[in-house]
Amino acid sequence: GILPTPQQVLATATATAARPGAPGAELQGMRAGVLLALVSCGMLPAAWALRRTTARGLTAFLRPRTPSRDGPSSKMDPASNAPHRDSRAARGPGEAHMILRQLFGAARDPKGIDYSKLTAFAAQAARWAEDGVVPTETPEGHHVAIAAGGCFWGDELMFMRLPGVVSTCVGYTAGTSERPTYNEVCSGDGHAEAVMICYDPNVVSYGEILQAYFARVDPTTLNRQGRDVGIQYRSGLYPNTEAQMKVALETIIEEQKKYNKPIVTEVKKATVFWPAEAYHQQYLARGGRFGRPQDARKGATEPIRCYG
(Lines give C-alpha, C1' and ligand atoms only; values in the text may rest on other atoms or scores of the structure.)
Protein backbone atom coordinates (compact mmCIF):
# COMPACT_ATOMS: atom_id res chain seq x y z
CA GLY A 1 0.00 0.00 0.00
CA ILE A 2 0.90 3.67 -0.11
CA LEU A 3 2.89 4.72 2.94
CA PRO A 4 1.66 7.76 4.90
CA THR A 5 3.61 10.99 4.75
CA PRO A 6 5.13 12.46 7.92
CA GLN A 7 2.46 15.12 7.89
CA GLN A 8 -0.28 12.45 7.78
CA VAL A 9 1.28 10.63 10.73
CA LEU A 10 1.33 13.84 12.77
CA ALA A 11 -2.23 14.71 11.76
CA THR A 12 -3.45 11.27 12.85
CA ALA A 13 -1.63 11.49 16.18
CA THR A 14 -3.02 14.98 16.79
CA ALA A 15 -6.58 13.99 15.92
CA THR A 16 -6.41 10.90 18.13
CA ALA A 17 -5.01 12.88 21.05
CA ALA A 18 -7.90 15.33 20.76
CA ARG A 19 -10.60 12.65 21.02
CA PRO A 20 -12.47 12.45 24.34
CA GLY A 21 -11.23 9.53 26.38
CA ALA A 22 -8.07 9.08 24.34
CA PRO A 23 -5.18 7.43 26.21
CA GLY A 24 -3.01 10.03 27.90
CA ALA A 25 0.67 9.50 28.54
CA GLU A 26 1.12 6.55 26.19
CA LEU A 27 -0.32 8.37 23.19
CA GLN A 28 1.49 11.59 24.01
CA GLY A 29 4.68 9.60 24.34
CA MET A 30 4.18 8.04 20.92
CA ARG A 31 3.54 11.46 19.40
CA ALA A 32 6.64 12.90 21.12
CA GLY A 33 8.72 10.09 19.68
CA VAL A 34 7.50 10.72 16.16
CA LEU A 35 8.11 14.46 16.49
CA LEU A 36 11.64 13.99 17.83
CA ALA A 37 12.49 11.51 15.11
CA LEU A 38 11.19 13.84 12.40
CA VAL A 39 13.31 16.64 13.84
CA SER A 40 16.44 14.49 13.93
CA CYS A 41 15.77 13.43 10.34
CA GLY A 42 15.61 17.07 9.29
CA MET A 43 11.93 16.81 8.31
CA LEU A 44 10.64 19.30 10.88
CA PRO A 45 12.03 22.43 12.58
CA ALA A 46 12.98 21.77 16.20
CA ALA A 47 11.16 24.86 17.53
CA TRP A 48 7.94 23.86 15.75
CA ALA A 49 8.10 20.33 17.15
CA LEU A 50 8.89 21.46 20.68
CA ARG A 51 5.77 23.64 20.80
CA ARG A 52 3.72 20.53 19.98
CA THR A 53 5.43 18.16 22.42
CA THR A 54 4.20 18.04 25.99
CA ALA A 55 6.36 17.39 29.05
CA ARG A 56 4.11 14.43 29.81
CA GLY A 57 4.69 13.04 26.35
CA LEU A 58 8.46 13.39 26.61
CA THR A 59 8.41 11.68 30.00
CA ALA A 60 6.39 8.76 28.63
CA PHE A 61 8.61 8.47 25.56
CA LEU A 62 11.81 8.47 27.59
CA ARG A 63 10.78 6.40 30.57
CA PRO A 64 13.13 3.49 31.33
CA ARG A 65 12.27 0.10 29.85
CA THR A 66 13.33 -1.47 33.14
CA PRO A 67 13.38 0.08 36.60
CA SER A 68 16.45 2.27 37.10
CA ARG A 69 17.37 3.83 40.43
CA ASP A 70 19.17 6.65 38.64
CA GLY A 71 16.61 7.46 35.97
CA PRO A 72 17.39 9.00 32.60
CA SER A 73 19.77 11.92 32.26
CA SER A 74 18.27 15.36 31.84
CA LYS A 75 20.88 16.69 29.46
CA MET A 76 19.35 18.05 26.28
CA ASP A 77 20.75 18.22 22.76
CA PRO A 78 20.41 21.91 21.84
CA ALA A 79 20.29 21.13 18.13
CA SER A 80 17.15 19.04 18.34
CA ASN A 81 15.79 19.72 21.83
CA ALA A 82 15.96 15.95 22.26
CA PRO A 83 16.97 14.62 25.68
CA HIS A 84 20.52 13.29 25.86
CA ARG A 85 20.63 10.16 27.97
CA ASP A 86 21.83 6.61 28.34
CA SER A 87 20.34 4.92 25.28
CA ARG A 88 20.56 1.52 26.97
CA ALA A 89 18.04 2.47 29.65
CA ALA A 90 15.44 4.56 27.87
CA ARG A 91 13.53 4.93 24.67
CA GLY A 92 15.11 7.44 22.35
CA PRO A 93 15.50 8.91 18.85
CA GLY A 94 17.38 5.79 17.75
CA GLU A 95 14.31 3.64 18.26
CA ALA A 96 12.11 6.26 16.63
CA HIS A 97 14.50 6.35 13.66
CA MET A 98 13.93 2.61 13.23
CA ILE A 99 10.17 3.14 13.23
CA LEU A 100 10.51 5.96 10.70
CA ARG A 101 12.64 3.81 8.41
CA GLN A 102 9.90 1.20 8.45
CA LEU A 103 7.26 3.84 7.66
CA PHE A 104 9.07 6.12 5.25
CA GLY A 105 12.19 4.25 4.13
CA ALA A 106 15.75 5.17 5.09
CA ALA A 107 15.97 8.45 6.95
CA ARG A 108 18.39 11.14 5.90
CA ASP A 109 21.57 10.74 7.96
CA PRO A 110 24.17 13.36 7.06
CA LYS A 111 27.72 12.07 7.51
CA GLY A 112 30.16 14.05 9.58
CA ILE A 113 30.11 17.56 10.95
CA ASP A 114 30.20 20.74 8.92
CA TYR A 115 33.51 22.10 10.20
CA SER A 116 33.12 25.24 8.09
CA LYS A 117 30.81 26.58 10.82
CA LEU A 118 33.52 26.37 13.47
CA THR A 119 35.49 29.46 14.41
CA ALA A 120 38.56 30.44 16.41
CA PHE A 121 40.28 27.60 18.29
CA ALA A 122 37.63 25.07 17.26
CA ALA A 123 38.45 25.75 13.60
CA GLN A 124 42.13 25.10 14.32
CA ALA A 125 41.23 21.88 16.12
CA ALA A 126 39.23 20.81 13.07
CA ARG A 127 42.23 21.38 10.81
CA TRP A 128 44.38 19.27 13.10
CA ALA A 129 41.78 16.50 13.14
CA GLU A 130 41.35 16.41 9.37
CA ASP A 131 45.14 16.22 8.99
CA GLY A 132 45.34 13.41 11.56
CA VAL A 133 47.48 15.58 13.85
CA VAL A 134 47.61 15.18 17.64
CA PRO A 135 48.95 18.63 18.65
CA THR A 136 51.26 19.31 21.55
CA GLU A 137 51.56 23.07 20.93
CA THR A 138 49.76 25.77 19.01
CA PRO A 139 51.52 27.95 16.41
CA GLU A 140 51.73 30.61 19.15
CA GLY A 141 53.65 28.28 21.46
CA HIS A 142 50.81 27.48 23.86
CA HIS A 143 50.50 23.92 25.10
CA VAL A 144 47.53 21.63 24.40
CA ALA A 145 45.80 19.15 26.73
CA ILE A 146 42.76 16.88 26.37
CA ALA A 147 40.49 15.71 29.20
CA ALA A 148 37.09 14.00 29.43
CA GLY A 149 34.88 14.23 32.48
CA GLY A 150 31.24 13.69 31.66
CA CYS A 151 29.14 16.38 29.97
CA PHE A 152 31.59 18.60 28.12
CA TRP A 153 29.47 21.73 28.52
CA GLY A 154 30.24 22.16 32.21
CA ASP A 155 33.81 20.93 31.90
CA GLU A 156 34.55 23.51 29.22
CA LEU A 157 33.20 26.37 31.32
CA MET A 158 35.32 25.23 34.26
CA PHE A 159 38.47 25.26 32.11
CA MET A 160 37.52 28.61 30.55
CA ARG A 161 37.53 30.15 34.04
CA LEU A 162 41.00 28.86 34.85
CA PRO A 163 43.72 31.56 34.66
CA GLY A 164 46.27 30.63 32.01
CA VAL A 165 43.80 28.81 29.78
CA VAL A 166 43.83 30.66 26.46
CA SER A 167 41.19 28.76 24.45
CA THR A 168 38.96 25.70 24.66
CA CYS A 169 37.09 23.44 22.28
CA VAL A 170 34.63 20.64 23.04
CA GLY A 171 34.64 17.49 20.98
CA TYR A 172 35.03 13.75 20.83
CA THR A 173 38.09 11.56 21.33
CA ALA A 174 39.39 8.09 22.22
CA GLY A 175 37.07 6.39 19.75
CA THR A 176 37.66 4.76 16.38
CA SER A 177 35.38 6.52 13.90
CA GLU A 178 36.36 9.66 11.98
CA ARG A 179 34.36 12.91 12.09
CA PRO A 180 31.85 11.48 14.58
CA THR A 181 28.62 13.39 15.12
CA TYR A 182 26.90 14.05 18.42
CA ASN A 183 24.23 11.44 17.67
CA GLU A 184 26.85 8.81 16.82
CA VAL A 185 28.74 9.47 20.03
CA CYS A 186 25.49 9.28 22.01
CA SER A 187 24.79 5.89 20.45
CA GLY A 188 27.94 4.52 22.10
CA ASP A 189 30.43 4.54 19.22
CA GLY A 190 33.35 4.54 21.67
CA HIS A 191 34.23 8.23 21.75
CA ALA A 192 34.21 10.27 24.94
CA GLU A 193 32.88 13.80 25.27
CA ALA A 194 36.06 15.80 25.94
CA VAL A 195 37.61 19.24 26.05
CA MET A 196 40.75 20.35 24.22
CA ILE A 197 42.50 22.98 26.33
CA CYS A 198 45.00 25.51 24.97
CA TYR A 199 47.02 26.93 27.86
CA ASP A 200 50.00 29.15 28.58
CA PRO A 201 52.53 27.02 30.53
CA ASN A 202 54.08 30.22 31.92
CA VAL A 203 50.80 30.92 33.75
CA VAL A 204 49.31 27.50 34.52
CA SER A 205 50.91 24.07 34.55
CA TYR A 206 49.43 20.82 33.33
CA GLY A 207 49.40 19.65 36.93
CA GLU A 208 47.30 22.65 37.97
CA ILE A 209 44.89 21.92 35.13
CA LEU A 210 44.50 18.38 36.50
CA GLN A 211 43.89 19.75 40.00
CA ALA A 212 40.97 21.77 38.65
CA TYR A 213 39.77 18.71 36.73
CA PHE A 214 39.72 16.41 39.76
CA ALA A 215 38.02 19.08 41.87
CA ARG A 216 35.07 18.80 39.49
CA VAL A 217 35.02 15.17 38.33
CA ASP A 218 34.17 12.04 40.31
CA PRO A 219 36.91 9.68 39.08
CA THR A 220 35.40 6.61 40.78
CA THR A 221 32.24 6.29 38.68
CA LEU A 222 32.59 4.16 35.54
CA ASN A 223 31.00 5.58 32.38
CA ARG A 224 29.06 8.10 34.41
CA GLN A 225 29.17 11.60 35.85
CA GLY A 226 26.15 12.63 37.90
CA ARG A 227 22.97 11.76 36.05
CA ASP A 228 24.76 11.42 32.71
CA VAL A 229 25.31 7.73 32.04
CA GLY A 230 27.01 6.08 29.07
CA ILE A 231 30.44 5.30 27.71
CA GLN A 232 30.68 8.80 26.25
CA TYR A 233 30.56 10.17 29.82
CA ARG A 234 33.59 8.27 31.10
CA SER A 235 36.38 10.22 32.75
CA GLY A 236 39.69 10.18 30.92
CA LEU A 237 43.00 11.96 30.57
CA TYR A 238 44.73 11.87 27.20
CA PRO A 239 48.29 13.18 27.50
CA ASN A 240 50.01 14.12 24.25
CA THR A 241 53.59 14.24 25.57
CA GLU A 242 55.69 12.04 27.84
CA ALA A 243 55.85 14.90 30.33
CA GLN A 244 52.04 15.12 30.48
CA MET A 245 51.77 11.34 30.83
CA LYS A 246 54.14 11.37 33.82
CA VAL A 247 52.16 14.13 35.53
CA ALA A 248 48.84 12.41 34.82
CA LEU A 249 49.93 9.09 36.31
CA GLU A 250 51.45 10.76 39.36
CA THR A 251 48.29 12.79 39.89
CA ILE A 252 46.11 9.67 39.73
CA ILE A 253 48.23 8.10 42.49
CA GLU A 254 47.81 11.18 44.68
CA GLU A 255 44.09 11.48 43.99
CA GLN A 256 43.52 7.83 44.88
CA LYS A 257 44.50 8.63 48.48
CA LYS A 258 41.29 10.68 48.75
CA TYR A 259 38.97 7.79 47.84
CA ASN A 260 38.06 4.41 49.27
CA LYS A 261 36.82 3.23 45.88
CA PRO A 262 39.30 2.73 43.04
CA ILE A 263 39.74 5.51 40.51
CA VAL A 264 38.53 4.38 37.08
CA THR A 265 39.63 7.43 35.06
CA GLU A 266 41.36 6.10 31.98
CA VAL A 267 44.77 7.48 31.09
CA LYS A 268 45.73 6.91 27.48
CA LYS A 269 48.03 8.52 24.98
CA ALA A 270 46.11 11.16 23.06
CA THR A 271 44.65 10.30 19.68
CA VAL A 272 42.87 12.53 17.19
CA PHE A 273 40.42 14.94 18.80
CA TRP A 274 37.34 15.63 16.66
CA PRO A 275 35.63 18.97 17.39
CA ALA A 276 31.94 18.85 18.22
CA GLU A 277 29.26 20.72 16.32
CA ALA A 278 29.36 24.52 16.47
CA TYR A 279 26.30 24.77 18.73
CA HIS A 280 28.15 22.86 21.47
CA GLN A 281 31.11 25.27 21.59
CA GLN A 282 31.10 27.52 24.69
CA TYR A 283 27.49 26.44 25.13
CA LEU A 284 26.99 27.51 28.74
CA ALA A 285 28.91 30.77 28.37
CA ARG A 286 26.63 31.67 25.44
CA GLY A 287 23.45 31.06 27.42
CA GLY A 288 22.78 27.34 27.35
CA ARG A 289 19.31 25.92 27.09
CA PHE A 290 17.55 28.78 28.86
CA GLY A 291 19.40 31.72 27.33
CA ARG A 292 21.15 32.66 30.58
CA PRO A 293 24.88 33.13 29.92
CA GLN A 294 27.12 31.84 32.70
CA ASP A 295 30.19 33.69 33.91
CA ALA A 296 33.29 32.58 32.01
CA ARG A 297 35.63 35.20 33.39
CA LYS A 298 38.92 34.07 34.89
CA GLY A 299 38.57 33.13 38.52
CA ALA A 300 34.76 33.11 38.45
CA THR A 301 33.28 31.00 41.25
CA GLU A 302 29.56 31.03 40.42
CA PRO A 303 28.25 27.42 40.54
CA ILE A 304 28.06 25.91 37.08
CA ARG A 305 24.57 25.02 35.92
CA CYS A 306 25.40 21.92 33.95
CA TYR A 307 22.48 22.05 31.53
CA GLY A 308 22.16 25.79 31.13
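Heads up: the structure comes first, above all this text.
No experiment lies behind these values; they were computed from the predicted model shown.

Draft legend 1. Molecular detail of the side chain of arginine 161. Topologically, arginine 161 is positioned in the loop between α7 (152–160) and β4 (165–173). At 4.7 Å, glutamate 302 is the nearest oppositely charged side chain to arginine 161, a buried residue that forms no salt bridge. Here the side chain of arginine 161 touches glutamate 302 through a polar contact of 2.6 Å, landing on its backbone oxygen. With residues near it in sequence (within four places) discarded, arginine 161 still touches Asp295, Ala296, Arg297, Lys298, Gly299, Ala300, Thr301, Glu302 and Ile304.

Draft legend 2. A look at the packing of aromatic side chains. Under the criterion given, the structure shown has four aromatic pairs. Taking 6.0 Å as the distance between ring centres and 80° as the angle between the ring planes, the aromatic pair formed by phenylalanine 121 and tryptophan 128 counts as edge-to-face. Tryptophan 128 shares its class with phenylalanine 121; the two are buried. Where phenylalanine 152 meets tyrosine 172, the ring centres are 5.9 Å apart and the plane angle is 35°; that geometry is what we call tilted. Taken together, the residues phenylalanine 152 in helix α7 and tyrosine 172 in strand β4 connect sequence positions 20 residues apart.

About the criteria used
Residues numbered from 1 in each chain as written. Predicted model: local features only at pLDDT ≥ 70, side-chain atom pairs only at ≥ 80, totals over all residues. Heavy atoms only, no water. Helix = DSSP H or I, 4+ residues; strand = E, 2+ residues; numbered from the N terminus. Buried < 20%, exposed > 50% of the residue type's maximum accessible area, 1.4 Å probe, protein only. Lys, Arg positive; Asp, Glu negative; His and termini not counted. Salt bridge = Lys/Arg side-chain N within 4 Å of Asp/Glu carboxyl O. Polar contact = N/O pair within 3.5 Å; in protein donor to acceptor, adjacent residues only side chain to side chain. Contact = heavy atoms within 4.5 Å. Phe/Tyr/Trp six-rings, centres within 6.5 Å; stacked < 30°, edge-to-face > 60°.

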